[in-house]
Amino acid sequence: MEFLVASAIGIMTAAGLYLVLRLRTFPVILGMSLLTYAVNVFLFASGRLTIGAPPILVKGVETYTDPLPQALVLTAIVISFGMTAVIVMIALGAYLGADDDHVDDPKDDDGQKEDAA
Amino acid sequence: MMHWIIAPVVLPSMLAPFIVLGARYHISIQRTISIAGILAQIAIALGLFVQAADGTVTLYQLSDWAAPFGIVVVGDRLSTLMVLLTAVLALFVMLYAIGSKWDERGRHFHALFQFQLMGIMGAFLTGDLFNLFVFFEVLLIASYGLMIHAGGTARLRAGVQYVLFNLLGSTLFLFALGSIYAETGTLNMADLAERVTLIDPADSVGIRVASVLLLLVFAIKAAVVPLHFWLPSSYAEAPPPVAALFAIMTKVGAYAIIRVYTMIFPPDLEVTAGLHGLWLLPAALISLALGMVGVLAARKLDRLVAFAVIGSMGMVMVSISMFTQESIAAALYYILHSTLAAAALFLIVDLVGAGRANLRLKALPMIPGAALVSGMFFVAAIAMAGLPPLSGFVGKLLILDAAYTTPLMVWTWAIVLSTSLIAVVGFARAGSTVFWKAKSVPVDPPPEPEAGNAAKPVKEAPAPSSLSFVAVGGLLSLTVLLTVFAGQVHGYMTAMSQQLFQPVPYITTVTETPGKLSKPKGYDDKAEGEKAEGAKSGDAAYGAETDGDAKSEEAH
């Protein structure tokens, strides 16, 4: 199982990195999502993989999973979800304003500031 | 008195929702609340600063949970100084934003500003790595909003880059935290500092990877060279008051490096020995050189200042990466200086930009209020470039002095001195183009060819308000104060650096202060940490049925 989880994290990270290095916002955002999925699974696995054990310490329970990584993952999921929503909105705004969805700086570098007035 | 240390985090987090919900359509109420909040922050920060000045480490356990299990907030000399610096900077930036009416150009400026302060304060005060991550995210998500404040396509594009880069940084941060947790089983900084010394040096692969990953994350925040790409565009395109506030954000990275790499992974720790000593100093030197060359090469004034920020962060990192007591003290002095100088420069850029068609470095008609603006640019540029009278010079001198005994001394001295020259040339060129050559440019055809104030009667930008000048002047006078009292400030920094290199009081304060451990009756020793049972009133009732209660609580 360790092998499965590890390779899943690896593949997701690799795919995410590839997509992040693309030029347009949509693949880059997809890549970011893949990376955050990978890191969530990674965090989850950082408390060791245990099957069928409760994440809780009670009297009489001998095997239990570490509850802390689960709390961390929950936080990380919430944050990455929010961040993805934000980046989608900003990217959409940039796309609608500039009429292209490249992530690099525009070629002519003639970004006149509108705040001159 | 006990609870004051959490106030810098709680206060803005209370004010921000109130601003959004209660004062949504009343800009003057928002401004009043904002300024009052920041003044209160300064008062609180001063109190904390005085409290920590004698070397006391103040610990605050949230909900009274004991350290490795609960969340802690810790105030020592370094944290409280950074909190004070942030609060003071925020005051002047806010005054400027109000004076220049930047806060009216989009929605929710004041609320986002408060959230940003909350994140920065929290990052400085927290004693837990995962909370450091959370506060990083708080300050980042607020900064995304501030960065694209007032909109505009160029700003949104720069915003996309900024957000994407920081999302990558956050992901890396989580990978680092995951590996640290997998290796040590804790994320509390003090607890970590104790546990990493127990790791077998023969089995240190995981912790070494984690340590380097963490350093990379902080290096992204501090814009050390191979990881600096996010900075120039986003700082140049951000609204100038926001960019001025961002001057403290790179310092959050520097702070985190100082904190983590003096306490958790100190330079003499065996398991991580030799990991960053080899490349951090060269990388910092390169960022210093690249930043200052960027100052010389920039074609727009706002980019020039952004590169000056990279250069000054390079300077800070040069000093930090030597990891000696003297060098950390010098770095801390330089952090104070460069935060104030960079913020002042960004605000001056806005004063210039308000009177010109654009910020390109070419001669354009004179801006309104040019005499004062150019004078302030002169002072700020001297401070930033590190010429004698002002604090930049003192800071560089301290850093050079600290570098005197290191193996890379020749390189450090050569690069620091030559980049200072480059910066002087760069700033001189920019200043003379913007302010002196303006006199020789006739004003555009329609009005009479008189190149002075109020030359364009129709579309003339009004002279900046006096509040803006007060804000910039305040920042600059703080730089002057930093120069005048350099001896005292440096003395305090040395004491701070000593405290950083003797982290035992910090660690014992955090780990040995008693707190709730959740050991209700009926549980054996290892039962701890279940949140639901924490309520004190329930303690007495715990008996035979506790297990059932716990289950039902969990089920909800």
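About the thresholds
Positions within a chain are numbered from 1, following the residues in the order the chain's sequence is written. For this description, chains carry letters from A and ligands carry numbers from 1, given in the order in which they are written. Local features in this predicted model are restricted to residues of pLDDT 70 or higher, and side-chain atom pairs are both shown and tallied only at a pLDDT of 80 or more, whereas totals for entire chains, interfaces and linings draw on every residue. Think of it this way: any DSSP run of H or I at least four residues long counts as a helix, any run of E at least two long counts as a strand, and we number them from the N terminus. Field definition: a residue is buried when 20 or more other C-beta atoms are found within 10 Å of its C-beta, exposed when 12 or fewer are, and partly exposed for counts in between, with C-beta atoms placed from the backbone. Each residue gets a C-beta atom placed from its backbone, and two residues are in contact if those atoms lie within 7 Å. Buried Ala, Val, Leu, Ile, Met, Phe, Trp, Tyr and Cys residues form a nonpolar core when they are connected through C-beta atoms within 7 Å. At least two bridges found by DSSP between two strands is the condition for calling them paired. Multiply 1.5 Å by the residue count of a helix minus one, and that product is the helix's expected span. The axes used here are C-alpha line fits, helices contributing only the stretch in contact, and every angle between their N-to-C directions lies in the interval 0 to 180 degrees. An angle counts as roughly parallel when it lies under 35 degrees, as roughly antiparallel when it exceeds 145, as roughly perpendicular when it falls between 65 and 115, and as oblique in every other case. It is the rotation of the near helix from the far one that decides the hand of a crossing: anticlockwise by less than a right angle makes it left-handed, clockwise makes it right-handed. When residues are sorted by character, Ala, Val, Leu, Ile, Met, Phe, Trp, Tyr, Cys and Pro go into the nonpolar class, Asp, Glu, Lys and Arg into the charged class, and all the rest, Gly among them, into the polar class. What pLDDT expresses is the predictor's confidence in each residue, scored from 0 to 100.

Undergrad: Which parts of the structure should I look at to understand the overall build of chain A?
TA: Counting secondary structure elements, chain A contains three helices and zero strands. Starting at the N terminus and walking to the C terminus, you meet the elements of chain A as α-α-α. The buried share of chain A, taken over its 117 residues, is 27%. Partitioning the intrachain contacts of chain A with sequence separation of at least 6 by distance along the chain shows that 51% fall at a separation of at least 24.

Undergrad: How should the overall build of chain B be read in this particular structure?
TA: The number of helices and strands found in chain B is 22 helices and two strands. In chain B, buried positions account for 57% of the 556 residues. Considering only contacts in chain B between residues 6 or more positions apart, those separated by 24 or more positions represent 77%.

Undergrad: Which parts of the structure should I look at to understand the nonpolar core?
TA: In globular proteins that are soluble, nonpolar side chains generally tend to be buried together. Residues and elements named next belong to chain B. Core analysis: the largest hydrophobic core is formed by 231 residues, its most contacted members being Ala343, Ala344, Leu345, Ile348 and Ala380. Ranked by residue count, the leading element in this core is helix α14 (residues 325-355), at 22 residues. The residues touching Ala343, leaving out its near neighbours within four places in the chain, are Leu89, Val93, Ala244, Ala247 and Leu475.

Undergrad: Hey, could you run me through the pairing of strand β1 (residues 58-61) of chain B in this one?
TA: When a strand is regular, its side chains alternate between the sheet's two faces. All names here are of chain B. Only one face of β1 is covered, namely the face carrying Leu59 and Gln61; the face carrying Thr58 and Tyr60 is uncovered. Bridge count between β1 and strand β2 (residues 72-75): four bridges; the pairing is antiparallel. Residue pairing for β2: Tyr60 is matched across the bridge by Val73.

Undergrad: Explain helix α11 (residues 249-263) of chain B to me, please; I cannot follow it from the model alone.
TA: Every α-helical turn comprises 3.6 residues, leaving residues that sit three or four positions apart pointing alike. Counted at 1.5 Å a residue, the expected span for α11 of chain B with its 15 residues is 21 Å, and the 21 Å between its end C-alpha atoms agrees. Counting buried residues along α11 of chain B, 14 of its 15 residues qualify, which places the element largely inside the surrounding structure.

Undergrad: Whenever I open this one, helix α4 (residues 109-125) of chain B confuses me. Can you help?
TA: Spanning 17 residues, α4 of chain B covers 24 Å between terminal C-alpha atoms, matching the ideal 24 Å at 1.5 Å per step. Counting buried residues in α4 of chain B gives 17 out of 17 residues, a clear majority hidden from the surface.

Undergrad: What am I meant to see in the packing of helix α1 (residues 7-22) of chain B against α4 of chain B here?
TA: Each pair of packed helices gets described by two things: the angle between the helix axes and the distance between those axes. Residues and elements named next belong to chain B. Packing of α1 against α4 brings their axes to within 8 Å, and their N-to-C directions diverge by 165°. As summarised for this structure, α1 and α4 are arranged roughly antiparallel, according to the angle between their axes. Seen along the crossing, α1 lies across α4 with a hand that is left-handed. Facing Pro8, Val9, Pro12, Ser13, Leu15, Ala16, Ile19 and Val20 of α1, the residues of α4 in contact are His110, Ala111, Gln114, Phe115, Leu117, Met118, Met121, Gly122 and Leu125. Residue classes in the contact of α1 with α4 are distributed as 13 nonpolar, four polar and no charged.

Undergrad: Looking at this model, I keep getting lost on unusual backbone geometry. Mind explaining?
TA: Glycine aside, residues mostly have negative phi, and peptide bonds are mostly found in the trans state. Residues and elements named next belong to chain B. The phi dihedral of His108 falls on the positive side, at around 60°, and the residue is not glycine. Turning to its location among the elements, His108 is positioned in the loop between α3 (77-99) and α4. The exposure class assigned to His108 is partly exposed, which follows from the 17 C-beta atoms found within 10 Å.

Undergrad: I keep staring at the packing of helix α2 (residues 25-45) of chain A against helix α6 (residues 153-184) of chain B and nothing clicks. Help me out?
TA: Two elements in contact, α2 of chain A and α6 of chain B, have axes separated by 9 Å at closest approach and are oriented at 15°. When the axis of α2 of chain A is compared with that of α6 of chain B, the two are roughly parallel. Of the two possible hands of crossing, α2 of chain A and α6 of chain B adopt the one that is left-handed. Each of Thr25, Val28, Met32, Leu35, Thr36, Val39, Phe42 and Leu43 of chain A in α2 of chain A lies in contact with α6 of chain B, whose residues at this interface are Val160, Leu164, Leu167, Thr171, Leu174, Phe175 and Gly178 of chain B. Residues that form the contact of α2 of chain A with α6 of chain B fall into these classes: 11 nonpolar, four polar and no charged.

Undergrad: Would you mind going over the environment of Tyr261 of chain B with me for this structure?
TA: The topology assignment puts Tyr261 of chain B in helix α11. Along the primary structure Tyr261 of chain B and Val379 of chain B are separated by 118 residues, whereas in three dimensions their C-alpha atoms are 35 Å apart.

Undergrad: What's the story with the confidence of the model for chain A in this structure? I'm lost.
TA: Note: predicted coordinates in regions of low pLDDT should not be interpreted at a detailed level. Residue and element names in this part refer to chain A. Considering every residue of chain A, the mean pLDDT works out to 84; 90% of them sit at 70 or more. Looking across chain A, the model is least confident in helix α3 (residues 67-98), with a mean pLDDT of 89, and most confident in helix α1 (residues 2-20), with 93. In this model residues 110-117 is a low-confidence stretch, pLDDT under 50, and it forms 13 contacts with partners more than four residues away in sequence or in other chains.

Undergrad: Would you mind going over the confidence of the model for chain B with me for this structure?
TA: Residue and element names in this part refer to chain B. On average, residues of chain B score 85 in pLDDT, and 89% of them reach the 70 mark or higher. Confidence scores differ between elements of chain B, with helix α21 (residues 536-539) showing the lowest mean pLDDT of 38 and α3 the highest of 94. Counting contacts from residues 446-458, a segment whose pLDDT is below 50, to residues more than four positions away or on other chains yields 20 contacts. Here residues 525-556 is a poorly scored stretch, pLDDT under 50, and it has 39 contacts once near neighbours within four places are set aside; other chains count.

Undergrad: Looking at this structure, I do not really get the environment of Leu390 of chain B. What am I missing?
TA: Residue and element names in this part refer to chain B. You can see Leu390 is positioned in the loop between α15 (370-385) and α16 (391-402). For the pair Leu390 and Ser13, spaced 377 residues apart in the sequence, the C-alpha separation amounts to 36 Å. Each residue touching Leu390, except ones within four places of it in the same chain, is listed here: Ile382, Ala383, Thr479, Val480 and Thr483.

Undergrad: What is the right way to look at the environment of Ala142 of chain B in this model?
TA: Residue and element names in this part refer to chain B. Mapped onto the fold, Ala142 is located in helix α5 (residues 129-147). Owing to 23 C-beta atoms within 10 Å, Ala142 belongs among the buried residues under this scheme. Aside from chain neighbours lying at most four places away, what touches Ala142 is Leu112, Phe115, Gln116 and Gly119.

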